[in-house]
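Observations on the three-dimensional arrangement
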Amino acid sequence: MSHAFQFLFGYLPYVALTVFFVGSLMRFDREQYTWRSGSSQMLRKESLSRASNLFHIGILLLFAGHFVGLLTPPEVYHAFGLSAGGKQLLACVAGGVFGTLCLVGLTLLLRRRLTDPRIRKTSSSMDIAILGILWVQLVLGLITVPLSLGHLDGGMMLKLADWAQRIVTFRAGAAEQIVGVPFVYRLHLVLGMVIFILFPFSRLVHIWSAPVGYLGRSYQIVRTRFRHV
């Protein structure tokens, strides 16, 4: 195992997570006026709704699936009667469906941002770059689906999960788990870490400000025009 391999899968995850959390905190503290989604709905509403819904639904479910799938110890899902192979099949089906939804929505959003003159004019280089990187990441993820379906013993899923769990629990030997993993999986992991590094410097930071608090409310505060009686 080379030093570059050890760095990419043993040390880069910690670099990415540090930049992700510390960078987000520093941006919120120092540049709150840039802490926004930068929506282009005011410029062109017609082509946004469907694409945005597909993208956000897909990416949120993909993130939840990756989070639970990679960080859940095997003993937990074995207790519910789910084998490693069954978990891998479930991940392939769910990942394929939600990944396709997300890719369709993202393709429409990227096309809209590149071809609409008004939206392109107000887009920064990072806006376009982060959409392009997410698009490549989704394609790589969908490429892994048929590869995973080719070996449903669950071995690949266990190796990737063991790598992720070693990273978050600060255990040694994480990079060794990626030895022998096909190149497309490794590229998918590295690009994912690059996205974490770029996160604080892009419009993706608006994820931290998701209006979760509104979900439990039974009322809404609105501002109406004053009427003299």
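Described in the following lines is the structure provided in the data block. Predicted model only: the values in this text are computed from it and were never measured.

Thresholds applied
Residues numbered from 1 in each chain as written. Predicted model: local features only at pLDDT ≥ 70, side-chain atom pairs only at ≥ 80, totals over all residues. Heavy atoms only, no water. Axes fitted to C-alpha atoms, helices over the stretch in contact; angles between N-to-C directions. Helix = DSSP H or I, 4+ residues; strand = E, 2+ residues; numbered from the N terminus. Parallel < 35°, antiparallel > 145°, perpendicular 65-115°, else oblique. Contact = heavy atoms within 4.5 Å. Nonpolar A, V, L, I, M, F, W, Y, C, P; charged D, E, K, R; others polar. Buried < 20%, exposed > 50% of the residue type's maximum accessible area, 1.4 Å probe, protein only. Core = buried A, V, L, I, M, F, W, Y, C linked by side-chain atoms within 4.5 Å. Patch = residues over 30% accessible without salt bridge, like charges linked within 9 Å, V, L, I, M, F, W, Y side chains within 5 Å. Areas by Shrake-Rupley, 256 points an atom, 1.4 Å probe, with all protein chains shown as cover. Salt bridge = Lys/Arg side-chain N within 4 Å of Asp/Glu carboxyl O.

**Looking at the packing of helix H4 (residues 84–115) against helix H7 (residues 155–168)**
- Orientation of H4 relative to H7, taken along the N-to-C sense of each, is 85 degrees, at an axis distance of 8 Å. Between H4 and H7, the angle falls in the class roughly perpendicular. Note on element contacts: H7 touches H4 through Gly155, Met156, Met157 and Leu158, opposite Ala84, Lys87, Gln88 and Ala91.
- Classifying every residue of the contact of H4 with H7 by side-chain character gives 5 nonpolar, 2 polar and 1 charged.

**Some details on the environment of glutamine 88**
- Tracing the backbone shows glutamine 88 in helix H4.
- Residue class for glutamine 88 comes out buried when judged on its relative accessible area of 0%.

**Re the environment of asparagine 53**
- As for its position among the elements, asparagine 53 is in helix H2 (residues 49–71).
- Looking at asparagine 53, the relative accessible area reads 43%, which means it is partly exposed.
- The spatial distance from the C-alpha of asparagine 53 to the C-alpha of glycine 105 is 7.3 Å, given a sequence separation of 52 residues.

**A closer look at the nonpolar core**
- Formed by 20 residues in total, the largest nonpolar core has its most connected members in Phe9, Leu160, Trp163, Ile178 and Met193.
- Counting residues per element, the ones that place at least two in this core are helix H1 (3–30), H7 and helix H8 (183–198).
- Here the element with the most residues in this core is H8; it accounts for 6 residues.
- Of all hydrophobic cores here, the second largest spans 19 residues; its members include Leu103, Ile130, Leu138 and Leu198.

**Focus on the packing of H2 against H7**
- Across the interface, H2 lies against H7 with an axial gap of 8 Å and an inter-helix angle of 85 degrees. Judged on the interaxial angle alone, H7 and H2 are roughly perpendicular. Seen from H2, the contacting residues are Gly69, Leu70 and Leu71; seen from H7, they are Leu160, Ala161, Ala164, Gln165 and Val168.
- Residue composition of the contact of H2 with H7, grouped by class: 6 nonpolar, 2 polar and no charged.

**Observations regarding a nonpolar patch on the surface**
- Among the surface-exposed residues, Ile57, Leu61, Leu89, Val93, Val97, Leu101, Leu149 and Leu152 lie close enough to one another that they form a single nonpolar patch of about 630 Å² accessible area.
- For the nonpolar patch, the elements supplying multiple residues, two or more each, are H2 and H4.
- Looking at the nonpolar patch, the element that brings in the most residues is H4, giving 4 residues.
- When its relative accessible area of 38% is taken as the criterion, leucine 61 is described as partly exposed.

**Here we look at the environment of glycine 105**
- In this fold, glycine 105 is placed in helix H4.
- Overall, glycine 105 belongs to the buried group, its relative accessible area being 0%.
- In this structure the C-alpha to C-alpha distance between glycine 105 and isoleucine 59, which are 46 residues apart in sequence, comes to 9.8 Å.
- In contact with glycine 105, other than residues within four places in its own chain, are Ala51, Leu54 and Phe55.

**Some points on the pattern of salt bridges**
- Applying the stated criterion across every chain, the model contains 2 salt bridges.
- One salt bridge in this structure joins aspartate 127 and arginine 203, with 2.9 Å as the shortest N-O distance. Here aspartate 127 is found in helix H6 (residues 125–149), whereas its partner arginine 203 is found in the segment after H8, with 76 residues between them in sequence. As far as burial versus exposure is concerned, aspartate 127 and arginine 203 are alike and both buried.
- Of the charged contacts in the structure, one is a salt bridge between aspartate 162 and arginine 166, with a shortest N-O distance of 3.2 Å. A residue pair is termed a helical-turn pair when its members lie 3 or 4 positions apart in one helix, as aspartate 162 and arginine 166 do in helix H7 at 4 residues.

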